[in-house]
Amino acid sequence: MGKKVMKKLDTGDPISDHGHGEADSIKANITKSENPKENEKMTVKIQILSQNAQKIPPIVGYFPSGFNPSKESMEDDETENTREPGSRVSLFRNTKRTNRFQLVVSGSQVNFVGTNYSGEATAAHGCNYSIGVLDKETQTLKIVPIAGSMIIRLDPKIDEENPTTLGMTAEGKEAPKKDMDRFLSKSTIRRKKKLETLRQGADAGGEHVIEGSKLENQGALEEVAVTGDNDRNIPPYDLAAATPETAYPLHKIILKGEWDYLTDIFDLSEAGERISPEAFPSFVCNRMHTLADIKNEQERRKLAGILSYITHLVKFKDKHSMDGFQSAKNHRIPTMLFQRFSSMFCVSESKRLPNEKVDLLISYVLVLTLYADNFRSDPSDIAKDLRTITGHLRPRFELLGCKFVRDEKRGHLATLSVPLTFPTVNKKRKRR
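The name an unreviewed UniProt entry assigns to the protein chain is DNA-directed RNA polymerase I subunit rpa49, from the organism Cuscuta campestris. In UniProt, the protein chain has this text filed under Subcellular location (unreviewed entry): "Nucleus, Nucleolus". If you open the UniProt record of the protein chain and go to Sequence similarities (unreviewed entry), you find "Belongs to the eukaryotic RPA49/POLR1E RNA polymerase subunit family."

This is the structure we're talking about:
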């Protein structure tokens, strides 16, 4: 949530400044045991306070990584750190949607951020919580309930371009990043390591295996471009490919570890459930009968994974466009894929995709539609999903090396012939 719609709030005293009224008052005995050898009993007055709908309820933030703000402050003091010791707590509220809060804990090395509208806060709450404050002088124990949505998980937000790392060598920059891992939760560290492994595998050009099925033509992979052709703005290809399947190597488009996150359509198909046209692209809905007709389970899984990947790419494009945002609002893209898409297509701070990256994303989608249609694809339904017209996709197919043939039943189909031949790319000359 950007700063333009967030307003910083003065939280004040967690009990007295929130306008809670007394609901009950009783007396109780409390045993004080600061010293194990000496026990001191104290008679206190307990005040149970009720919530006020017009005031902010008490907020509790917790660190799943085990971060201890008090310990970090002591370490800063012992090392005579020149930075301001301790952690600063700030609470922000959305100026338009006043029920949305963001809690920020600014530490000496890393900031922690949590919200009451995302992550664990969106799960069902099966318990009620209260907080108590003991005033020794007045011998009063005040207890006030905590709203379930105000128990906020604080996750670290690490700035990759922290000024403290500027001017360092590559080895020097890696050291602070590794040191920051101690602030991350175990699940976040696992996802981070898996994503790094996938990236290394893609850079190394490792072969992709789907349940024992090995890709052929491994010798030609040396000629595959890792990031595609910058001039043509297309996915990685192989000019020496002898078959359409190896012209655009599938393992360069869908990485090996990503297949584990592409089982949703396969599971729905196996359960005999129909998919909703509101939740899935038209292209995918129109291919479900083809998926059901495939006898080989391995081939069904492969096609279902391709259809799932097409779905995520189309929804990712919609999430970052004005005309398609609502259709992708409730679609969940796996974190592994979302991070890769954000890196591949250069999502800016404005959440809009650059035009050349939109074209690259469309090229990835079109290549996968060729795989789904056995390299004879009717572009009409995918054009609807990409919010364009068929005529606009024709040049994109031709840029991929496709040709159009006429079919009596299906009309004009995009076909991929090998070896790949590309049309000449006209570069615009800069005016002097």
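**Student:** Just give me the short version of unusual backbone geometry, but keep the residues and values in it.
**Tutor:** With an omega of -5°, the peptide bond running from V418 to P419 counts as cis. Note that P419 resides in the segment after β16 (411-416). In this model, F375 sits at a positive phi of 65°, which is unusual for a non-glycine residue. Mapping F375 onto the fold places it in the loop between α11 (355-372) and β14 (376-377). Residue classification places F375 among the buried residues on the basis of a relative accessible area of 7%. Unusually for a residue other than glycine, R387 sits at a positive phi of about 60°.

**Student:** Go over the sheet that holds strand β15 (residues 402-407) with me, naming the residues and quoting the values.
**Tutor:** The antiparallel open sheet is built from three strands, whose spatial order is β14-β16-β15. Lying at the two open borders of the sheet, with one neighbouring strand each, are β14 and β15. Of the strand pairs in this sheet, β15 and β16 are connected by six bridges, and their pairing is antiparallel. Counterpart to V405 in the pairing with β16 is L413. Its contacts with the sheet put helix α13 (residues 390-399) on β15 and β16, and the angle it makes with β15 is roughly 125°.

Reading guide: rules and limits
Residues numbered from 1 in each chain as written. Predicted model: local features only at pLDDT ≥ 70, side-chain atom pairs only at ≥ 80, totals over all residues. Heavy atoms only, no water. UniProt positions renumbered as here; feature names shortened; annotations may be inferred. Helix = DSSP H or I, 4+ residues; strand = E, 2+ residues; numbered from the N terminus. Buried < 20%, exposed > 50% of the residue type's maximum accessible area, 1.4 Å probe, protein only. Pairing = 2+ DSSP bridges. Contact = heavy atoms within 4.5 Å. Axes fitted to C-alpha atoms, helices over the stretch in contact; angles between N-to-C directions.

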